[in-house]
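Residues per chain are reported as follows:
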Amino acid sequence: MRRQNYIDYCFAQLLELFEQAKRNKTNSELKARIEGLFQAGKVLNIYSDKEALELMEQAHYHVFGETMAERSEKKTALKQAIDRGDDEFIDIPAYERRNQ
């Protein structure tokens, strides 16, 4: 398998994983497969840790329209709002909170 074909396959698998996450579904089998693909890619010198992370960021941004860090910050803000009982934030419809 050519290097770019392997990277493209990994990217497609990441897209599927993130699409499922977007629909609030978890797929531990797919996640384990991707982890194995990434480990094999590193061992075979197909990509570095940095390149693997960049690939993951690209797929995440493609699906969610934001970086992994941005999405993580939003999730943290929501959890904190719930913990402190911030009804103003929680009362905002979910589709609007996503765009904030």
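This text goes with the structure placed above it.
Notes on the structure in this doc start here. (Residues numbered from 1 in each chain as written. Predicted model: local features only at pLDDT ≥ 70, side-chain atom pairs only at ≥ 80, totals over all residues. Heavy atoms only, no water.)

The subject of this paragraph is the pattern of salt bridges. Opposite charge on two side chains permits pairing when their charged atoms draw close. One pass over the full model with this rule turns up four salt bridges. In this structure, the salt-bridge partner of Glu 51 is Arg 3, at a minimum N-O distance of 3.9 Å. With Glu 51 in helix H3 (residues 49-64) and Arg 3 in helix H1 (residues 3-22), this residue pair connects regions lying 48 residues apart in the sequence. We note a salt bridge from Asp 49 to Lys 42, for which the minimum N-O separation is 3.1 Å. (Salt bridge = Lys/Arg side-chain N within 4 Å of Asp/Glu carboxyl O. Helix = DSSP H or I, 4+ residues; strand = E, 2+ residues; numbered from the N terminus.)

Looking at the secondary structure, you find Gln 13 in helix H1. Apart from the residues lying within four places of it in its own chain, the contact partners of Gln 13 are Leu 30, Arg 33, Ile 34 and Leu 37. (Contact = heavy atoms within 4.5 Å.)

To continue, consider helix H4 (residues 68-84). Between its first and last C-alpha, H4 extends 24 Å over 17 residues, near the 24 Å set by a 1.5 Å rise per residue. Following H4 by one or two positions, Gly 85 adopts a phi angle in the positive range, close to 70 degrees. (Expected span 1.5 Å × (residues − 1).)

Glancing now at the side chain of His 60. Topologically, His 60 is positioned in helix H3. Overall, the relative accessible area of 4% leaves His 60 in the buried class. Contact partners of His 60, with chain neighbours within four places excluded, come to Phe 18, Gly 65, Glu 66, Thr 67, Met 68 and Arg 71. (Buried < 20%, exposed > 50% of the residue type's maximum accessible area, 1.4 Å probe, protein only.)

The final tally for this structure, using the stated rule, is three aromatic pairs. Taking the centre distance of 6.4 Å and the plane angle of 40 degrees together, the rings of Tyr 6 and Tyr 47 count as tilted. Here Tyr 6 is found in helix H1, whereas its partner Tyr 47 is found in the loop between helix H2 (28-43) and H3, with 41 residues between them in sequence. Classification of Tyr 6 as buried rests on a relative accessible area of 10%. Ring centres 6.2 Å apart and planes at 65 degrees place the aromatic pair Phe 18 and Phe 64 in the edge-to-face group. In this pair, Phe 18 sits in helix H1 while Phe 64 sits in helix H3, placing the two residues 46 residues apart along the sequence. (Phe/Tyr/Trp six-rings, centres within 6.5 Å; stacked < 30°, edge-to-face > 60°.)

Ranked by internal contacts, the top residues of the largest apolar core, which has 18 residues, are Cys 10, Leu 14, Phe 38 and Tyr 47. Only H1, H2 and H3 provide two or more residues apiece to this core. The leading source of residues in this core is H1, at seven residues. The contacts of Cys 10, once residues within four sequence positions are left out, are Leu 37, Phe 38, Tyr 47 and Leu 55. (Core = buried A, V, L, I, M, F, W, Y, C linked by side-chain atoms within 4.5 Å.)

We now examine the packing of H1 against H2. As a packed pair, H1 and H2 sit with axes 10 Å apart at the nearest point and diverge in direction by 155 degrees. Between H1 and H2, the angle falls in the class roughly antiparallel. Note on packing geometry: the crossing formed by H1 with H2 is left-handed. Together, Tyr 6, Tyr 9, Cys 10, Gln 13, Leu 14, Glu 16, Leu 17 and Gln 20 of H1 and Leu 30, Lys 31, Arg 33, Ile 34, Leu 37, Phe 38, Ala 40 and Gly 41 of H2 make up the contact between the two elements. Looking at the contact of H1 with H2, its residues break down into 10 nonpolar, three polar and three charged. (Axes fitted to C-alpha atoms, helices over the stretch in contact; angles between N-to-C directions. Parallel < 35°, antiparallel > 145°, perpendicular 65-115°, else oblique. Left-handed = near helix turned anticlockwise from the far one by under 90°. Nonpolar A, V, L, I, M, F, W, Y, C, P; charged D, E, K, R; others polar.)

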